[in-house]
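# Survey of secondary and tertiary structure
Now for the letters of each chain:
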Amino acid sequence: MNGFDYVRTANQYFVPRTPRAAIKALEEGLLPAVAFIYKANSVGPLDEEPFDFDDIERVLARRENDLATNLQLMSIFERLLKHRDPEIALFAAESINAVENRYNTEIESLRRRLAEATEAMDDRAAAEARRGIARQFYEVARINDSRPAIKRFYLVEAYGNLKDLYRASRFTKADLTLAVEVLVSLGSPDRARYILERVTGEAKDDPDILFLLASVEFSARRFDRVAAAIERVRAVAPWVRADQQELVRMWSEPGRE
């Protein structure tokens, strides 16, 4: 039996609520092996109430969660902190700590790698470690959106590491993008614009750079400059990525706000 066969006929079998129940049923011969794989790897919408705590715990346990997933988890846990059931509120608090500790552990690991690379005079490895530290600090800042002082602290730490990358002449387009996002989050669009103008040079007509510029001008509420940047995209790069096409259409149509 393959996965598609099981999905089509799942209503004919015992329906486990959790991966543990699925593996128990597998051991008892009540389910095929594919049922455990399916249950262990499928989750419903996490933020749909009433919350499925089994699904939330399974996603929380994954080590490879990306920022979008962690943001969704933190949003759920922030809501559960106010739950009238003290056990659920405690679960939420412990889960928030678990997410943050995972970031802190990764930052410490990267700092050790940075120290080792610096001692070995391996500039490339040092740059990669510092790049990772900046990204981790930025993500920790994002998941602390409800705590402005903590969020700002981590954003400043992220920017400090990005400045060190720039001084070491190891600045990439991805680093520039992250620096702009950090500065916009810090409420410093003018500083972000200055860095864009200084770093890009001959690449100023790169559509990705122009979209970054548009985002900076939008954060500063200079909407005429947003439109100008988007118009420049149309002039130099008529074909853009699918995720950019909607922005071009919105800012290029007559009657836009």
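Residues numbered from 1 in each chain as written. Predicted model: local features only at pLDDT ≥ 70, side-chain atom pairs only at ≥ 80, totals over all residues. Heavy atoms only, no water.

## Some points on the overall build of the protein chain
Under the convention used in this document: Secondary structure follows DSSP: runs of H or I at least 4 residues long count as helices, runs of E at least 2 residues long count as strands, and numbering of each begins at the N terminus. Buried means the residue's accessible area, taken with a 1.4 Å probe over protein chains only, is under 20% of the maximum for its type, while exposed means over 50%, and partly exposed covers the values in between. It only takes one pair of heavy atoms within 4.5 Å for two residues to be counted as in contact. Per-residue accessibility takes into account occlusion by the displayed protein chains alone, with areas from the Shrake-Rupley method and a 1.4 Å probe.
From N to C terminus, the protein chain includes 13 helices and zero strands. Within the protein chain, buried positions represent 36% of all 257 residues. Taking contacts inside the protein chain between residues at least 6 apart in sequence as the whole, the part at least 24 apart equals 50%. Surface exposure of the protein chain reaches about 15700 Å², of which carbon and sulfur atoms provide 52%.

## Remarks on helix α11 (residues 207-219)
Rule in force here: One fewer than the residue count of a helix, multiplied by 1.5 Å, yields its expected span. Within 3.5 Å is the distance limit for a polar contact, defined as a pair of N or O atoms, with the added protein rule that one can donate a hydrogen and the other accept it, and that residues adjacent in sequence qualify only through two side-chain atoms.
Compared with the 18 Å implied by 1.5 Å per residue over 13 residues, the 18 Å span of α11 between its first and last C-alpha is a close match. Within α11 the residues assigned to the buried category are Ile209, Leu210, Phe211, Leu212, Leu213, Ala214, Val216 and Glu217. One side-chain oxygen at the N-terminal end of α11 lies 2.8 Å from the backbone nitrogen of Asp208; it belongs to Asp206. Downstream of α11 by a residue or two, Arg221 has a phi angle that is positive, lying close to 60°.

## What to know about the environment of Glu57
Along the polypeptide, Glu57 turns up in helix α4 (residues 53-61). Its relative accessible area of 43% is what places Glu57 among the partly exposed residues. Distance in space between the C-alpha atoms of Glu57 and Phe91 is 9.9 Å, their sequence separation being 34 residues.

## Concerning the nonpolar core
Condition: The definition of a nonpolar core used throughout is a set of buried Ala, Val, Leu, Ile, Met, Phe, Trp, Tyr and Cys residues joined through side-chain atoms within 4.5 Å.
In terms of nonpolar packing, the biggest core is built from 62 residues, with Phe77, Leu80, Val182 and Leu196 touching the most fellow members. For Val182, the contacting residues outside a window of four places in its chain are Tyr138, Leu155, Ala158, Tyr159 and Leu162.

## Describing the pattern of salt bridges
What counts is decided by this rule: For this analysis, a salt bridge means a side-chain nitrogen from Lys or Arg found within 4 Å of a carboxyl oxygen belonging to Asp or Glu.
Applying the stated rule across the entire model yields 17 salt bridges. With its nearest N and O atoms 2.3 Å apart, the salt bridge here joins Arg193 to Glu217. Residue Arg193 is found in helix α10 (residues 189-200), and its partner Glu217 is found in helix α11; the two are separated by 24 residues along the sequence. Since its relative accessible area comes to 0%, Glu217 is described here as buried. Across the pair Glu217 and Arg225 runs a salt bridge, and its minimum N-O distance is 3.8 Å. Residue Arg225 is classed as partly exposed on the basis of its relative accessible area of 39%. Through salt bridges with shared partners, a single ionic network connects Asp190, Arg193, Glu197, Glu217, Arg222 and Arg225.

## Points about the confidence of the model for the protein chain
Where we set the bar: As a per-residue measure, pLDDT reflects the predictor's confidence and takes values from 0 up to 100.
Averaged over every residue, the pLDDT of the protein chain is 82; residues scoring 70 or more account for 77%. Mean pLDDT across the secondary structure elements of the protein chain bottoms out at helix α1 (residues 3-9), with 39, and peaks at helix α7 (residues 123-143), with 96. Low pLDDT (under 50) marks residues 1-14, which in the prediction has 20 contacts with non-local residues, meaning those over four places away or in another chain. Below pLDDT 50 for its whole length, residues 34-43 participates in 27 contacts with residues either more than four positions away or in separate chains.

## A look at helix α5 (residues 67-80)
With 14 residues, α5 extends 20 Å between its outermost C-alpha atoms, agreeing within 8% with the 20 Å of an ideal straight helix rising 1.5 Å per residue. Taken residue by residue, α5 has Leu67, Asn70, Leu73, Met74, Ile76, Phe77 and Leu80 as its buried positions. Buried residues along α5 sit in contact with α4, α6 (86-119) and α7.

## Focus: the packing of aromatic side chains
Inclusion rule: What counts as a ring pair is set by centres within 6.5 Å for rings of Phe, Tyr and Trp (its six-membered ring), and what kind of pair is set by the plane angle: stacked under 30 degrees, edge-to-face over 60, tilted for all other angles.
Inspection of the entire model under this criterion finds six aromatic pairs. When the ring of Phe53 is compared with that of Phe91, the centres are 5.8 Å apart and the planes differ by 80°; the resulting orientation is edge-to-face. Here Phe53, found in helix α4, pairs with Phe91, found in helix α6; they are 38 residues apart in sequence, far enough to count as distant. Ring geometry for Tyr166 and Phe171: centres 5.5 Å apart, planes at 75°, overall edge-to-face. Of the residues examined, Tyr166 reaches a relative accessible area of 36% and is grouped as partly exposed. An aromatic cluster is defined as three or more aromatic residues linked by ring pairs; in this entry it consists of Phe53, Phe77 and Phe91.

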